[in-house]
Amino acid sequence: MKFGVVMFPGSNCDHDTYHVVSKVIGQPVDFIWHRQNAVGDCDAVILPGGFSYGDYLRTGAIARFSPVMGAIKEFASRGGLVMGICNGFQILCEAGLLPGALMRNKNLKFICGHLNIRVEATNTPFTNRCQRGQVLSVPIAHGDGNYFCDAATLSELQRENRIIFRYSDENGKLTNDGNPNGSLEYIAGICNRDRNVLGMMPHPERASEQALGSNDGRIIFYSLADTLAELAKAS
Amino acid sequence: MTEPAITPELIRSHGLSDEEYNRIVELLGREPNYTELGIFSVMWSEHCSYKSSKVHLRRLPTTGDCVLQGPGENAGVVDIGGGLAAAFKIESHNHPSFIEPYQGAATGIGGILRDVFTMGARPLAAMNSLHFGPLTANENAPPEDRAAIALNRSIMAGVVKGIGDYGNAFGVPTIGGEVRFSNCYSRNPLVNAFTLGIMRKEHIFYGRASGVGNPVIYVGAKTGRDGIHGATMASEEFGEEAQSKRPTVQVGDPFLEKLLLEACLESMRAGAIVGIQDMGAAGLTSSSCEMGSRAGNGVELEIDLVPQRETGMTPYEIMLSESQERMLIVAAAGREREVVDIFKKWELDAVVIGRVTDDGHLRVKKRGQIVADIPNAALTDAAPVYHRPIKKPEPTVRIEVTQAESSIEALEATFMRIIARPTIAAKEWVYRQYDHMVRTNTVVLPGSDAAVIRIKEKRRELAMTLDSNARYCKVDPREGAKLVVAEACRNLVASGARPLALTNCLNFGSPERPEVMWQFSEVIDGMAEACAAFGTPVTGGNVSFYNETDGRGIHPTPVIGMVGIVEDPRHITTQWFKNEDRAIVLLGSTANDLGASEYAGATLGGLEGSVPKLDLDLERRVQEACLKIIQAGLVESAHDCSDGGLAVAIAECCFSSYRREAVGCEINLEGELSTAALLFAETPSRVVLSAVDGNVDRIIKIAAEHDVAAGVIGRSSDERLVIRVKRERVIERSVDEIEAAWRGVLPRMLEIPSIVAAEEK
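Residues numbered from 1 in each chain as written. Chains lettered and ligands numbered in written order. Predicted model: local features only at pLDDT ≥ 70, side-chain atom pairs only at ≥ 80, totals over all residues.

Participant: I keep staring at the overall build of chain B and nothing clicks. Help me out?
Facilitator: Scanning chain B from N- to C-terminus turns up 26 helices and 28 strands. A compact globule built from 761 residues should have a C-alpha radius of gyration of about 27 Å, and chain B, at 26 Å, falls within 12% of that. Considering only C-alpha atoms, chain B reaches an extent of 85 × 60 × 60 Å along its principal axes. By the burial criterion, 60% of the 761 residues in chain B qualify as buried. Pairs at least 24 apart in sequence give 84% of the contacts found in chain B among residues at least 6 apart. (Helix = DSSP H or I, 4+ residues; strand = E, 2+ residues; numbered from the N terminus. Rg over C-alpha atoms; globule rule 2.2 N^0.38 Å. Buried ≥ 20, exposed ≤ 12 C-beta atoms within 10 Å, placed from the backbone. Contact = placed C-beta atoms within 7 Å.)

Structure below.
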């Protein structure tokens, strides 16, 4: 089994994500260049954080047209595991792999800092090691993380249990203070209908080593690795 | 196209004096043409030539065991062990940030990042030192003061956003720095940006045009008409017309810079690069003639080959443009293709625009015709050097600062006022807008004495800090400079690091004023003495003169960027009390140092008294003892005692931090001094430690071995901060209350409620 980390021009969490996959959870990993039109032999693809193509137009709006996104759509449609972190989440929304959009933070400023997210669903390849209601201390760093979707989409997300993470306080309580970007329904991460594509604004790769203050985020990478191991066993 | 004739007006408008012009004629053996005049004017500007500061800068110590590259290159480089080297430098972008705060600050970040990666180092950390005018005025302040406040706020908001947007997109964590406020920075803001990068020792690159016949390659963004004469603009004071200079500020593109970084590092790894330099101030001119000059070679350029973003640009404009995100590379002959291909992969221009020659001239051709031909040495080594007049100002009568309060209640109120002074208050509003975690190396988050990053795969860390204290330097430039260097060292030591070397950014008023030159000379002498005492050489930096608007200048503001090494991750120490029921130890002792302090600012509103007395030998012993105590694993926290004195330092130890609740304490201070001095004196050479009881004896023993006073001054406790002075309870409040006051200051002054927030209410 193998992980792939996509490199768009302007990605800047690509090396951080690669580091966690290879050094912290000890799994094989390759970079995937944005001009590639196949994901190669990767079994899970991560779209890392950053400012793809500068994000001068609208976050992710250019990246969705890059050759690798065609390959990722095809990969996802075959059930391949895809995770978008921060800019990766924005790109997945722009590409139509996930519903909704990420607007400017409500204070109109970039926000970087640790906060808490509550695990809302564990029946995904990304959270199967978590407990429902578990609170993870994971940082955010974005200017556009204010999740929004229309009422019909929101009720669909709720009905299908596709809201995977919500911003909360450290005790798992949903508060406005805990949701500084102003996301609709405190949404920090969602998945697609088939549950094989996840987008999340917080950065689990920045909270995967105790030296950095929190290793709560690595459970997400471990969940992914477990899923891949089981898939490998089954085939 | 006809070029303007050289007239006395034209010469003056280029900021050149008659003597300077005569010297140009002498060096060339003829009159310069228009393009050549432009080239001389930027290279001989204060900003590029250091003509007023050079004779003084020579007095700074610049060598040491760890120094691999001292001043004179794009950045200094030090050996950090394990086969690795760190390149770091600080640079000012004060003038552009006043004219256009957002782009001015953003391009300042861009420039310093390029200075570091041009050495072959990947930038791993950024910090900045910001100085602004006050953000509030009295209710009955006159309209012009209110206008100044509004301007200060918008400058600060723009600068912070500019730094964030550039650094965040580029992907460098902004992990620390300082933000300070004083009246003198109204209409004279200071924006000093620091960057540190790491490379393998054998992969250091230099700005040298070596190898006659080697191709000169232009890479990065296309050249436009932006920033022409930016360096000259930064070499003048401002008057009413400041806003009309907006077009001399460039526009930054962090995305392009990120691509440039990756392409440069990849070309360097491929071994195809001989020399490389950023096109910063004075653009193509400075990069080509400086690279030629350092290698003792010439550079010949064909100007039409330069990628251009506008049509009809003249050689003058192309040579003087300060368009951002450009580099000049000298490649190994025959390997041009490789470099071009790597840049193409990153979707960047890379064009061979000339060759290295053996005649030592900068020669610019347009369609084969020579449009400029100047010996490199005339632009660099032969640039004017001034021994500007120095005059010690008349001594000001400064009143002694003594305790102003006659009651306990008034002293507590003063404490709460000091805590809420913007220079002391929490800077979260600022650093929350900076990505301080990208690259996942930030092991000490912003807010402690020094920022610390890890080096992945090596069991060692780098600590760094930016420090200044213009109050001290205004009252006594020489002693002030010493105090600043001492504090920078102490900040590193309190974080568990051994100080290695420093970079400085020297911000001053007009060098044409003898009093300013006196301040400058004194600061250099003080800094040199302190650097020698601590064994921390200066590896480079930047001088920014002419920080004056409408004849009002800034306090002398030398900023120190100090880098240190943490030998073992277990030595990393933060300032916060970690647990209740620990002994609190004060290393060093308090003297009657209320002069030029935050206390003096809060009670008297000015620069009164004399600066704290610094004994360099004692300071060194305190630092040695502190580091030994930390390395022996005896303490849970260590905090440098500086702005606001002991009372403020203790409060800062109590405040909450990431995943750590606030901790209270009970402190008992005794002594002959006034209560105000015991609480607020800014005596240097002091560190607040906390430790389990079992370690106290060993701490005091190590201190005694270094002939340093140390004593238990209290205990950490639950949630109240209690300070008794001579057995009287002077301060007693919940830490939460003090912390809320401290955290609320900047948001209250700077947050304009957005429409969205209004709706929610």
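Back to the text.
Participant: What is the right way to read the overall build of chain A from this model?
Facilitator: Secondary structure assignment for chain A yields five helices and eleven strands. On C-alpha atoms alone, chain A measures out to a radius of gyration of 16 Å, which is about the 18 Å that the 2.2 N^0.38 rule sets for 235 residues. Principal-axis analysis of the C-alpha atoms gives chain A an extent of 45 × 35 × 35 Å. Residues classed as buried in chain A amount to 57% of the 235 residues present.

Participant: Explain helix α3 (residues 87-94) of chain A to me, please; I cannot follow it from the model alone.
Facilitator: Note: α-helices contain 3.6 residues per turn, so residues at a spacing of three or four share the same orientation. All names here are of chain A. Most of α3 is tucked away: eight of the eight residues are buried. Looking at α3, one finds that the buried residues are N87, G88, F89, Q90, I91, L92, C93 and E94. Packed against the buried residues of α3 are β3 (44-47), β4 (81-85), β5 (101-103) and β11 (197-200). In the stretch just after α3, G96 is the one whose phi turns positive, near 80 degrees.

Participant: Quick question: what am I supposed to make of the pairing of strand β9 (residues 298-302) of chain B here?
Facilitator: Residues in a regular strand point their side chains to alternate faces of the sheet. Residue and element names in this part refer to chain B. Counting buried positions along β9 gives four out of five residues, so the element sits mostly inside the fold. Both β9 and strand β11 (residues 349-357) contribute to a ladder of four bridges, which runs antiparallel. Considered in β11, the bridge of G298 is made with T357. Pairing of β9 with strand β12 (residues 361-366), which is carried by four bridges, proceeds in the parallel orientation. Residue pairing in the sheet places L301 in a bridge with V364 of β12. (Pairing = 2+ DSSP bridges.)

Participant: Sorry, what's going on with the environment of B:A85 here?
Facilitator: All names here are of chain B. Along the polypeptide, A85 turns up in strand β3 (residues 84-92). Once the C-alpha coordinates of A85 and R200 are considered, the two residues, 115 residues apart in sequence, prove to be 5.9 Å apart. Setting aside chain neighbours within four positions, we find A85 in contact with L68, V77, V78, D79, I80, M199, K201 and I204.

Participant: Explain the sheet that holds strand β28 (residues 728-734) of chain B to me, please; I cannot follow it from the model alone.
Facilitator: Hydrogen bonds between backbone groups are what pair the strands of a sheet, and the pairing can be parallel or antiparallel. Residues and elements named next belong to chain B. Here seven strands make up an open sheet; going across it, the order is β23-β25-β22-β26-β24-β27-β28 and the pairing mixed. The sheet terminates laterally at β23 (637-640) and β28, the two strands that pair on one side only. Recorded for the sheet is a direction-independent mean angle of 20 degrees between the axes of neighbouring strands. (Axes fitted to C-alpha atoms, helices over the stretch in contact; angles between N-to-C directions.)

Participant: Mind showing me how you'd approach the sheet that holds β11(B) here?
Facilitator: Residue and element names in this part refer to chain B. Taking strand neighbours across the sheet as the criterion, the seven strands line up as β8-β10-β7-β11-β9-β12-β13 in an open arrangement whose pairing is mixed. With partners counted over all chains shown, the strands left at the sheet margins are β8 (273-278) and β13 (369-375), one partner each. Here the strands of the sheet are splayed against their neighbours by 25 degrees on average, with no regard to which way each runs. Sitting on the sheet, helix α13 (residues 336-345) touches β7 (215-220), β10 (326-331) and β11, and the angle it makes with β11 is about 150 degrees.

Participant: Sorry, what's going on with the packing of helix α7 (residues 101-117) of chain B against helix α10 (residues 254-270) of chain B here?
Facilitator: Residues and elements named next belong to chain B. In contact at an axis separation of 11 Å, α7 and α10 are set at 5 degrees when each is read in the N-to-C sense. The angle between α7 and α10 falls in the class roughly parallel. Counted together, G110, L113 and F117 of α7 and P254, E257, L261, C264 and L265 of α10 form the full contact between these two elements. Considering only residue class, the contact of α7 with α10 consists of six nonpolar, one polar and one charged. (Parallel < 35°, antiparallel > 145°, perpendicular 65-115°, else oblique. Nonpolar A, V, L, I, M, F, W, Y, C, P; charged D, E, K, R; others polar.)

Participant: Where do I start with the nonpolar core in this structure?
Facilitator: By size, the foremost hydrophobic cluster in this structure holds 321 residues, and its most contacted members are B:A86, B:V485, B:L587 and B:C626. Filtering out sequence-adjacent residues up to four positions away, B:A86 remains in contact with B:V77, B:V78, B:I80, B:L196, B:I198, B:L462 and B:V563. (Core = buried A, V, L, I, M, F, W, Y, C linked by C-beta atoms within 7 Å.)

Participant: Explanation requested: the interface of chain B and chain A in the structure shown.
Facilitator: Think of interface size as the accessible area that goes away when the parts come together; that is how it is often given. If you look at the interface, chain B gives 27 residues, while chain A gives 28 residues. Contributions of two or more residues to the side of chain B that touches chain A are made by α8 (143-170), α10 and α26 (755-760) of chain B. Here the side of chain B that touches chain A is built from residues that sort into twelve nonpolar, seven polar and eight charged.

Participant: Would you explain the packing of helix α18 (residues 477-494) of chain B against helix α21 (residues 616-631) of chain B in this entry?
Facilitator: Packed helices, taken two at a time, are described by the angle their axes make and the gap between the axes. All names here are of chain B. Put simply, α18 and α21 touch, their axes get as near as 9 Å, and they point 10 degrees apart. Classified by the interaxial angle, the pair formed by α18 and α21 is roughly parallel. The segment α18 lies against α21, with K482, A486, C489, R490, V493 and A494 engaging L616, E619, Q623, C626 and L627. Looking at the contact of α18 with α21 residue by residue, the class counts come to seven nonpolar, one polar and three charged.

Participant: How should the pairing of β10(B) be read in this particular structure?
Facilitator: Residue and element names in this part refer to chain B. Among the six residues of β10, six are classified as buried, and the element is accordingly described as predominantly covered. Side-chain alternation along β10 places R326, L328 and V330 on one buried face and M327, I329 and A331 on a second face that is also buried. Pairing between β7 and β10: five bridges, direction antiparallel. Residue pairing across strands places V219 opposite M327, the latter belonging to β10.

Participant: Would you mind going over helix α19 (residues 514-534) of chain B with me for this structure?
Facilitator: Counted at 1.5 Å a residue, the expected span for α19(B) with its 21 residues is 30 Å, and the 30 Å between its end C-alpha atoms agrees. Just past α19(B), the residue B:G535 takes up positive phi, approximately 65 degrees. (Expected span 1.5 Å × (residues − 1).)

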